[in-house]
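# Summary of structural features
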Amino acid sequence: SIAVHENTVAWTAFDRGADGPVSQLRIAQAPEWQPTTIHELPAAEAEVWLPSLLGSTLAYMEVHYSADRSTDERRVYLTTTAADAERVRLDRSGRATMPLVVDGAVLWKEADEGFSIFNWGRMFRYDLRTDTVARLSTSPQHYVNYPSAGGRFVAWWGADSFRLAVYDLARDETRLVW
């Protein structure tokens, strides 16, 4: 998975580490485009997925597996593109996925317990100014999937394909499209 903003690209990769396969979060910036690994996990235990980038703010998810890989825990983290930047976990459910960095916040989807990251879920927002997490309205949809963010609006696929709304970040409300 990959994210681009202005002169920076962030992506996830797998590689051969000294002690076996690793999952990595990497960045490169213009004009040098020198790849740098900013986070790495043993792939047998966890994987890094779905980076989202806005300026130097970077959010991504980690999937941590049980020993037999029958279950997993999904976590959303916030960091920056700076070397050795602190990572802060934003969710508490263990079901967080598909993070999106927007102006002043990080959004993500959480599927119900027992469901895959690719199933329908509910949206949450971590406010960077207040350090608080709140559920984001997805009305008229009860469950959504594959969120996408622009400068002011966030959209997603809804479980009801006959209704479409976008979330207006400036007004802090959903707006019905059809």
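The sections below set out a description of the structure shown in this document. (Residues numbered from 1 in each chain as written. Predicted model: local features only at pLDDT ≥ 70, side-chain atom pairs only at ≥ 80, totals over all residues. Heavy atoms only, no water.)

## Brief notes about the overall build of the chain
The following threshold applies: Only DSSP runs of H or I with at least four residues qualify as helices, and only runs of E with at least two residues qualify as strands; both kinds are numbered from the N terminus onward. The globule rule used here is 2.2 Å times the number of residues to the 0.38 power, and the radius of gyration it is set against is calculated over C-alpha atoms. Throughout, the Shrake-Rupley method with a 1.4 Å probe supplies accessible areas, and for residues the shown protein chains are the sole cover considered. A residue counts as positive if it is Lys or Arg and as negative if it is Asp or Glu; His and the chain ends are not included. Every charge is mapped to an atom, namely NZ of Lys, CZ of Arg, CG of Asp or CD of Glu.
Helix and strand counts for the chain come out as zero helices and 16 strands. Relative to a compact globule of 178 residues, whose C-alpha radius of gyration would be 16 Å, the chain shows 17 Å and is just as compact. By principal-axis analysis of the C-alpha atoms, the chain measures approximately 50 × 45 × 30 Å. A total of about 9700 Å² of accessible surface is found on the chain, and carbon and sulfur atoms cover 50% of it. For the chain, the separation between the mean place of its 18 positive charges and that of its 24 negative charges on side chains is 6 Å.

## Examining the pattern of salt bridges
The cut-off we apply is this: For salt bridges, the criterion is a side-chain nitrogen of Lys or Arg within 4 Å of an Asp or Glu carboxyl oxygen. Residue exposure (1.4 Å probe, protein chains only): buried if accessible area is under 20% of the type maximum, exposed if over 50%, otherwise partly exposed.
For the structure on display, the rule yields 11 salt bridges. One salt bridge in this structure joins Arg69 and Glu47, with 3.8 Å as the shortest N-O distance. With Arg69 in the loop between strand S6 (57–65) and strand S7 (72–80) and Glu47 in strand S5 (residues 46–54), this residue pair connects regions lying 22 residues apart in the sequence. For Glu47, a relative accessible area of 11% translates into the label buried. The closest approach of N and O atoms between Arg171 and Glu173, which form a salt bridge, is 3.6 Å. When salt bridges that share partners are traced, they join Glu73, Arg75, Arg89 and Asp91 into one network.

## A closer look at the sheet that holds S7
The condition is simple: Any two strands with at least two DSSP bridges between them are considered paired.
The strand order across the open sheet formed by four strands is S5-S6-S7-S8, and the pairing between neighbours is antiparallel. Each of the sheet's edge strands pairs with one partner strand only, and the pair in question is S5 and strand S8 (88–89). Of the pairings in the sheet, the one linking S6 to S7 comprises nine bridges and is antiparallel in character. In the sheet register, Val63 faces S7, and the bridge partner there is Arg74.

## Section: a nonpolar patch on the surface
In plain terms, the rule: Without a salt bridge and with relative accessible area above 30%, a residue can belong to a patch; like charges are then joined within 9 Å and nonpolar side chains (Val, Leu, Ile, Met, Phe, Trp, Tyr) within 5 Å.
On the surface, a cluster of nonpolar side chains totalling about 500 Å² of accessible area is made up of Phe118, Trp120, Tyr146 and Trp157. Inspection of the secondary structure assignment puts Phe118 in the loop between strand S10 (105–111) and strand S11 (121–127). For Phe118, a relative accessible area of 47% puts it in the partly exposed group.

## So, the pairing of strand S14 (residues 153–158)
Where strand S13 (residues 144–149) meets S14, four bridges bridge the pair, whose relative direction is antiparallel. Residue pairing in the sheet places Val144 in a bridge with Gly158 of S14. Note: S14 against strand S15 (residues 165–168), two bridges, orientation antiparallel. Its bridge partner lying in S15, Val154 is registered against Tyr167. Counted between consecutive antiparallel strands, the loop separating S14 from S15 contains six residues.

Note that all results are geometric; they support no functional claim without further evidence.
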